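Below are the chains, spelled out letter by letter.
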Amino acid sequence: MPQGYVTKNYVRLDAAYRKGYTTASLQGSSRSSKTYSNVQWLIHMCYDVPGTTVSIVRKTMPALKRSVFRDFKEIMIDWGLWNDRQMNKSEFVYTFGNGSWIEFFSCEDEQKLRGSKRQILFVNEANEISFLEWQQLQMRTTAFSIIDYNPSFSEEHWINQVNLEKRTHFWISTYKDNPFLEQKVIDEIESLQWKNNSLWQVYGLGQRAVVEGLVFPHIEIVDRIPREATRHRFCGMDLGYAADPTAIIEVCFWKDTIYLNELCYQTHMLTSDIIRELKEIEWEPEIISESADPRMVDEIYNAGLDIKAVHKYAGSINAGLMKMKEYKICITRTSSNLIKEFRNYTYRQDKEGKWLNEPIDAFNHGIDAIRYVVLEKILGGYGSGMSASEILGIVG
């Protein structure tokens, strides 16, 4: 078996399994290597123990594909184990040569949620699923369960009860337990302690806290964007690369509601990757992009896409956010990264804990993409006193 680096989380997980615990609960800060370590351990189990059966689950399938499945494939390739012929892409099941297999599915798949059993269960971002969904999965797991999560929830959450059970091995890890983090990422995490104390508690120290000072305290999760709202839709795009993702968000205006749908949220995207992603959108979007990289905007435009850079000005961040706050915000259920942003995007606090009328520069990549559309299509040239309905000529 090829050997890669392992972290403290990997060692503790392996020890929990060998000591006879039935559940491992990995609570941790941002970038503490929880998910990556779990996937490494699961691959080792499948490789070393013939016939091992594993289910890896998350709330939605798009979120699972963009996160834990990507880690799985990356590790398998790094270790020289990946074989395309052993991956059933329709069922999303990878079968090892010794009869072990790992399946990937979401809680949206009722048939699999209540279907066949497995020996080992891994629920990624377990705080996103309900207690009933957890129970359905547990009842069909015969040996060992793993959950990981950032602890941004209240005392009433079902995870707190699981952590009190005698056969649960619960521990907290932080970004300091991951020796492979880039300094830029470390600096970004540590900056939270001067931005918002509750966010620092959750994403810096891995401690449970309810996030305070939200810029958007009220959002609604919807199954889909209504068809009538798609008459007035655009794409907002915020560009990133290594530590920050490139976020592409579908933004639709209908009456006095903004409907949002996450189309892309990925790191390490080249211009060609972004162009490919934009061309795969089934409708031909008008794209409002950030203006920090005009050369990339030109390259995308030259590829035949309708893109323009947003016009920024002094105070445009607050202007865009204040305009967004005038509308009801509805986000599709599959937009997991965008939902996380809205649930963690806060105002800054000073050193005495007083709230400032200034948002933090974190959890805002998708929100910035939306703000660019609002700045350009609602505020740009129209004046801030008009509603989306008035500007776009929507009859109620």
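Refer to the structure presented above.
Residue indices follow the written sequence of each chain, beginning from 1 at its first position. Only residues with pLDDT of 70 or above have their local features reported here, since the model is predicted, and side-chain atom pairs are shown and tallied only from 80 upward, although totals for entire chains, interfaces and linings are computed over all residues. Side-chain measures were taken over the full set of non-hydrogen atoms in the model, leaving aside hydrogen atoms and water.

Side note on the overall build of the protein
Inference 1: Only DSSP runs of H or I covering at least 4 residues are called helices, and only runs of E covering at least 2 are called strands; the numbering of each starts at the N terminus. Along the protein, the regular secondary structure elements total 15 helices and 17 strands.
Inference 2: Relative to its length of 396 residues, the protein is compact, with a C-alpha radius of gyration of 22 Å against a globular reference of 21 Å.
Inference 3: Counting only C-alpha atoms and orienting by the principal axes, one finds that the protein spans roughly 65 × 50 × 40 Å.
Inference 4: The buried label applies to any residue whose accessible area, calculated with a 1.4 Å probe on protein chains only, is under 20% of its type's maximum; exposed applies above 50%, and partly exposed to all values in between. Relative to its 396 residues, the protein shows a buried fraction of 54%.
Inference 5: Two residues qualify as a contact provided that any one of their heavy atoms is within 4.5 Å of a heavy atom in the partner residue. Residue pairs at least 24 apart in sequence account for 69% of intrachain contacts in the protein once pairs closer than 6 positions are excluded.
Inference 6: Working convention for charge: Lys and Arg count positive, Asp and Glu count negative, and His plus the chain ends are omitted. All charge positions are set by atom: Lys at NZ, Arg at CZ, Asp at CG, Glu at CD. Seen as two clouds, the 46 positive and the 52 negative side-chain charges of the protein have centres 4 Å apart. The globule rule is 2.2 Å times the number of residues to the power 0.38, and the radius of gyration it is compared with is taken over C-alpha atoms.

Quick word on the pairing of strand β10 (residues 233-238)
Inference 1: Within β10, five of the six residues are buried, which leaves it mostly tucked inside the rest of the structure.
Inference 2: The pairing criterion for strands is at least two bridges between them, as found by DSSP. Relative to strand β11 (residues 246-254), β10 runs antiparallel, the two sharing six bridges. Of the residues in β11, the one forming a bridge with G236 is I249.
Inference 3: Both β10 and strand β13 (residues 286-289) contribute to a ladder of three bridges, which runs parallel.

Here we look at the sheet that holds strand β5 (residues 101-106)
Two pairing modes exist for strands in a sheet, parallel and antiparallel, and in both the strands are linked by backbone hydrogen bonds.
Inference 1: Read from one edge to the other, the open sheet built from eight strands follows the order β3-β4-β5-β2-β6-β7-β1-β8, with strand pairing classed as mixed. Only two strands of the sheet have a single partner each, and these edge strands are β3 (87-88) and β8 (168-173).
Inference 2: Pairing between strand β1 (residues 23-28) and β8: six bridges, direction parallel. Residue pairing for β8: T23 is matched across the bridge by T168.

Thoughts on unusual backbone geometry
Inference 1: Within the chain, R31 stands out as a residue other than glycine whose phi angle is a positive 60°.
Inference 2: The residue R31 is located in the loop between β1 and α2 (34-48) in this model.
Inference 3: According to the relative accessible area criterion, R31 is partly exposed, its value standing at 39%.
Inference 4: The backbone of E125 shows a phi angle near 50°, a positive value even though the residue is not glycine.
Inference 5: Locating E125 in the fold gives a position in the loop between β6 (118-123) and α6 (131-138).

Brief notes about the nonpolar core
Inference 1: What makes a nonpolar core is a set of buried Ala, Val, Leu, Ile, Met, Phe, Trp, Tyr and Cys residues whose side-chain atoms join them at distances within 4.5 Å. Among the nonpolar cores identified, the biggest contains 44 residues, and F216, L260, F342 and I370 are the most heavily contacted of them.
Inference 2: Where this core is concerned, the elements lending two or more residues are α8 (183-190), α9 (197-204), β11, β12 (257-266), α12 (316-324), β15 (328-332), α13 (336-342) and α14 (365-379).
Inference 3: Of the residues forming this core, the biggest block, nine residues, is contributed by α14.
Inference 4: With residues near it in sequence (within four places) discarded, F216 still touches L321, M324, K325, I329, F342, Y345 and I367.
Inference 5: Judged by nonpolar contacts, the second largest core, of 34 residues, contains L26, Y94, I102 and F122.

Some points on the packing of α12 against α14
Each pair of packed helices can be summarised by the angle the axes make with each other and by the distance between the axes.
Inference 1: Where α12 meets α14, the closest approach of the two axes is 9 Å, and the angle between their N-to-C directions is 85°. When the interaxial angle is binned, α12 and α14 end up roughly perpendicular. Of the residues in α14, those in contact with S316, I317, A319, G320, L321, K323 and M324 of α12 are I367, I370, R371, V374, L375, I378 and L379.
Inference 2: Each residue gets one label: Ala, Val, Leu, Ile, Met, Phe, Trp, Tyr, Cys and Pro are nonpolar, Asp, Glu, Lys and Arg are charged, and the others, such as Gly, are polar. Split by residue class, the contact of α12 with α14 holds ten nonpolar, two polar and two charged. Between N-to-C directions, angles span 0 to 180 degrees; the directions come from axes that are lines fitted to C-alpha atoms, helices contributing only their stretch in contact. Here the angle decides the label: under 35 degrees means roughly parallel, over 145 means roughly antiparallel, 65 to 115 means roughly perpendicular, and every other value means oblique.

Some points on the layout of surface pockets
In this approach, a probe sized like a water molecule rolls over the atoms, and the result shows the empty space that is left.
Inference 1: Taken as a whole, the second largest pocket holds about 600 Å³ of empty space.
Inference 2: A 1.4 Å probe that fits but cannot get out identifies a cavity on a 1 Å grid over protein atoms alone, an open set with protein on both sides within 12 Å along at least five of seven lines counts as a pocket, and a residue lines either if it has an atom within 4 Å of a point. Forming the boundary of the second largest pocket are 24 residues, of which N127, E128, I339, K340 and R343 lie nearest the centre.
Inference 3: The element that contributes the greatest number of residues to the lining of the second largest pocket is α13, accounting for three residues. Grid points are joined across faces, edges and corners, and a volume is the space filled by probe spheres set on the points.

Brief notes about the sheet that holds β10
Inference 1: Taken together, seven strands build an open sheet; the order of strands is β9-β15-β12-β11-β10-β13-β14 and the sheet is mixed. Edge positions in the sheet fall to β9 (220-222) and β14 (306-309), since each has one partner strand and no second. Across the sheet, the mean angle separating the axes of adjacent strands is 30° when strand polarity is ignored.

Section: the environment of T52
Inference 1: Position of T52 relative to the elements: it lies in the loop between α2 and β2 (53-58).
Inference 2: When its relative accessible area of 2% is taken as the criterion, T52 is described as buried.
Inference 3: Through-space distance from the C-alpha of T52 to that of Q119 is 6.8 Å; in sequence the pair is 67 residues apart.
Inference 4: Every residue in contact with T52, bar those within four places of it in the chain, is listed here: M45, C46, S100, W101, Q119 and I120.

Topic: the pattern of salt bridges
Inference 1: When a carboxyl oxygen of Asp or Glu lies within 4 Å of a side-chain nitrogen of Lys or Arg, that pair is called a salt bridge. Per the stated rule, a full pass over the model turns up 18 salt bridges.
Inference 2: Between D177 and K8 there is a salt bridge, with the nearest N and O atoms lying 3.6 Å from each other. A residue pair is termed long-range when its members are at least 10 positions apart, and D177 in the loop between β8 and α8 and K8 in helix α1 (residues 8-18) qualify at 169 residues.
Inference 3: We classify K8 as exposed; its relative accessible area is 54%.
Inference 4: E188 is paired through a salt bridge with K195; the nearest N and O atoms lie 3.4 Å apart.
Inference 5: Overlapping salt bridges, with partners in common, bring together E286, K308 and K377 in one network.

Everything listed is a geometric property; what it means functionally is a separate question.
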